[in-house]
Amino acid sequence: MSTTAPAIHRGLAGVVVDTTEISTVIPETNSLTYRGYPVQDLAAHRSFEEVAYLLWYGELPDAAQLREFQARERALRPLGRTTSELLARLPETCHPMDVLRTAVSFFGAEDPTEDDGSPAAHRAKSLTLLAKLPTVVAADQRRRRGLAPVPPDPGLGYAENFFHMCFGSVPAPEVVRCFETSLVLYAEHSFNASTFTARVVTSTLSDLYSAVTAAIGALKGPLHGGANEAVMHMLEEIGDPQRAAEWLDGALAAKRRIMGFGHRVYKHGDSRVPVMQEALDRLVARAADPETTRLATLHTALRNAMAGRKGIHPNLDYPAGLAYHLMGFDTPVFTPVFVMSRITGWTAHITEQLAHNALIRPLASYAGPDQRAVPAMAG
Ligand SMILES: CC(=O)SCCNC(=O)CCNC(=O)[C@H](O)C(C)(C)COP(=O)(O)OP(=O)(O)OC[C@H]1O[C@@H](n2cnc3c(N)ncnc32)[C@H](O)[C@@H]1OP(=O)(O)O
Ligand SMILES: O=C([O-])CC(=O)C(=O)O
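Bear in mind that the values here come from a model prediction, so they are computed numbers and not experimental data.

Overview of the packing of aromatic side chains
So, point 1. Scanning the entire structure with this criterion turns up 18 aromatic pairs.
So, point 2. Aromatic ring contacts, followed pair by pair, group F162, F163, F167, F179, Y186, Y324, F329, F334 and F338 into a single cluster.

As structure tokens, this is what we get:
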């Protein structure tokens with residue numbers, strides 16, 4: 001009897017596993033829509049809070065709905081004493097993504113409604129995480145700088161409040177706007193690795209906190225969200241803009257992955273990069289000091305060299321990484337900022353998965369030894 005070898009889809013490349021109503025990535029036109037709206041238009045005209053509402057409820061909020069949503073988010077920002085004490089005990093040598101992962105796990109452990117999978121309970125938990133994650137990230141950055149936490153300010157919007165909690169002050173509106181642009185662009189991207197992770201966990205009917213904790217773990221890796229930090233380390237390693245092409249040749253010869261370049265779905269450029277690059281250009285023009293000019297020149301030189309050598313384009317992490325550095329954030333905070341935004345997309349997908357659930361369980365083609373007898377223990 002002859003058997004045909006099954007087709008293997010390593011990395012699930014090209015495999016369509018389900019439908020979604022949340023967003024669509026169209027690589028042929030380098031475009032991305034959230035609930036039908038082009039992400040570029042949302043970034044230009046809407047706040048991050050409005051985008052969060054859109055992803056969760058399917059429509060943009062009207063003025064009254066937005067006011068109510070913002071009031072609820074702002075009231076949930078402070079951390080409880082037990083959470084603050086727990087986070088203060090974590091070693092400063094651990095990565096801030098570990099702190100965030102631990103925080104979400106702890107929020108689940110202390111929530112008596114953890115296992116309530118109803119849409120209303122999911123919305124409440126999603127909003128709680130949206131509100132509290134920036135407080136965790138900001139307090140952790142300050143702790144590592146030897147500074148006391150700055151409590152959230154309910155009079156400030158989501159982006160402004162994050163700066164306030166990190167630095168004790170809010171920068172110029174153009175800088176806040178650039179940050180907000182990054183949050184809108186990072187919010188959602190269909191079945192990427194971390195979102196898919198969240199959906200796999202949810203498909204077993206596990207709880208939302210477990211799904212988000214797992215998604216944070218998936219995002220941390222440098223082939224996914226961890227690349228925005230890796231971009232900054234790479235720029236530091238290269239140092240001199242004149243060295244960019246030579247460094248790239250050496251790195252490619254050593255078969256290194258160039259961080260912030262390439263994408264599983266987009267092969268002709270990431271739909272979000274032009275908007276983020278413009279925001280970065282505005283930051284660079286505003287700063288206009290020699291150090292910023294050096295970094296921006298190096299950033300451009302490496303992008304051009306990569307286009308020339310490999311024809312591979314930057315992904316969103318490439319401009320976002322440098323933008324976060326210029327905004328004053330410590331490099332290990334870049335991926336946690338990605339989490340602060342992507343929590344919206346993850347939780348929208350968790351709710352959607354649960355509404356039409358099927359256990360996610362693919363098959364594998366066995367490639368190990370043939371069946372054999374277990375030998376008797378020697379001696
Ligand atoms: C927000 C995000 O998560 S966006 C992604 C962030 N990640 C990064 O920036 C990390 C760097 N990039 C990469 O490693 C890859 O481009 C990935 C993992 C993102 C996508 O890769 P895949 O879709 O799996 O493509 P794959 O790994 O098959 O690469 C195809 C070819 O392009 C090359 N390639 C792709 N990206 C890169 C890169 N960044 N540097 C060097 N070569 C690259 C591969 O070496 C491979 O070449 P080969 O066919 O000669 O072996
Ligand atoms: O879609 C992907 O594979 C990765 C990505 O760009 C994202 O999650 O924003």
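Side note on the domain arrangement of the protein chain
So, point 1. Domain annotation of the protein chain identifies domain 1 (21–220 + 332–356) and domain 2 (227–327).
So, point 2. In this structure, domain 1 and domain 2 have C-alpha centres spaced 25 Å apart.
So, point 3. Taken residue by residue, the interface counts 28 residues in domain 1 and 23 residues in domain 2.
So, point 4. Note on domain 1 versus domain 2: buried area summed over both sides is about 2,200 Å², and carbon and sulfur give 65% of it.
So, point 5. Taken together, domain 1 and domain 2 are joined by one salt bridge.
So, point 6. The shortest N-O distance in the salt bridge between R286 and E174 comes to 2.9 Å.

Focus on the nonpolar core
So, point 1. F162, F179, L302, M327 and F329 are the most contacted members of the largest nonpolar core, which has 101 residues in total.
So, point 2. Broken down by element, this core gets its largest block of residues, nine residues, from helix α16 (residues 334–355).
So, point 3. Both domains that furnish three or more residues to this core are identified here as domain 1 (21–220 + 332–356) and domain 2 (227–327).
So, point 4. Apart from residues lying up to four places away in sequence, F162 is in contact with P134, V137, A138, F179, F329, V337 and M340.

Comments concerning the packing of helix α8 (residues 173–186) against helix α13 (residues 273–287)
To characterise two packed helices, one gives the angle between the axes of the helices and the distance between these axes.
So, point 1. Put simply, α8 and α13 touch, their axes get as near as 10 Å, and they point 160 degrees apart. In this view, α8 runs roughly antiparallel relative to α13, as classed from their interaxial angle. α13 is crossed by α8, and the crossing has left-handed handedness. Here E174, V175, C178, T181, S182 and L185 of α8 come into contact with α13, specifically with V275, M276, A279, L280, L283 and R286.
So, point 2. Of the residues contributing to the contact of α8 with α13, the split by class is eight nonpolar, two polar and two charged.

Details of the site of ligand 2
So, point 1. Close contacts around ligand 2 come from H189, N192, H224, H263, R272 and R342, and that covers them all.
So, point 2. Contact between ligand 2 and H263: an oxygen atom at 2.7 Å from a side-chain N or O atom of the residue.
So, point 3. Within the side chain of R272, one N or O atom sits 2.7 Å away from an oxygen atom of ligand 2.
So, point 4. Alone, ligand 2 offers 270 Å² of accessible surface; in the complex the protein occludes 83% of this.

Structural notes on the layout of surface pockets
So, point 1. Considered as a void within the structure, the largest pocket measures approximately 1,600 Å³ in volume.
So, point 2. Residue lining of the largest pocket: 47 residues in total, with N192, A193, H263, R264 and V265 positioned closest to the centre.
So, point 3. Those elements giving two or more residues to the lining of the largest pocket turn out to be β1 (23–26), α9 (193–203), α14 (290–310) and α16.
So, point 4. Here the lining of the largest pocket gets three residues from one element, more than from any other, and that element is β1.
So, point 5. Its residues assigned to classes, the lining of the largest pocket shows 22 nonpolar, 14 polar and 11 charged.
So, point 6. Two domains share the lining of the largest pocket, each providing at least three of its residues, namely domain 1 (21–220 + 332–356) and domain 2 (227–327).

Some words on the environment of S84
So, point 1. Following the sequence through the fold, S84 ends up in helix α4 (residues 81–88).
So, point 2. Residue S84 is classed as partly exposed on the basis of its relative accessible area, which comes to 35%.
So, point 3. Taking the C-alpha atoms as reference, S84 lies 9.3 Å from A103; in sequence the two are 19 residues apart.

Points about unusual backbone geometry
So, point 1. Phi at L12 is positive, roughly 55 degrees, even though this residue is not glycine.
So, point 2. Examined against the element boundaries, L12 turns out to sit in the segment before β1.

Rules of the game
- Residues numbered from 1 in each chain as written.
- Chains lettered and ligands numbered in written order.
- Predicted model: local features only at pLDDT ≥ 70, side-chain atom pairs only at ≥ 80, totals over all residues.
- Heavy atoms only, no water.
- Phe/Tyr/Trp six-rings, centres within 6.5 Å; stacked < 30°, edge-to-face > 60°.
- Domains from an automatic or database assignment.
- Contact = heavy atoms within 4.5 Å.
- Buried area = accessible area lost by both parts, 1.4 Å probe.
- Salt bridge = Lys/Arg side-chain N within 4 Å of Asp/Glu carboxyl O.
- Core = buried A, V, L, I, M, F, W, Y, C linked by side-chain atoms within 4.5 Å.
- Buried < 20%, exposed > 50% of the residue type's maximum accessible area, 1.4 Å probe, protein only.
- Helix = DSSP H or I, 4+ residues; strand = E, 2+ residues; numbered from the N terminus.
- Axes fitted to C-alpha atoms, helices over the stretch in contact; angles between N-to-C directions.
- Parallel < 35°, antiparallel > 145°, perpendicular 65-115°, else oblique.
- Left-handed = near helix turned anticlockwise from the far one by under 90°.
- Nonpolar A, V, L, I, M, F, W, Y, C, P; charged D, E, K, R; others polar.
- Near = heavy atom within 4 Å.
- Polar contact = N/O pair within 3.5 Å; in protein donor to acceptor, adjacent residues only side chain to side chain.
- Areas by Shrake-Rupley, 256 points an atom, 1.4 Å probe, with all protein chains shown as cover.
- 1 Å grid on protein atoms, 1.4 Å probe; cavity = no way out; pocket = protein on both sides within 12 Å on 5 of 7 lines; lining within 4 Å.
- Points joined across faces, edges and corners; volume = space filled by probe spheres on them.

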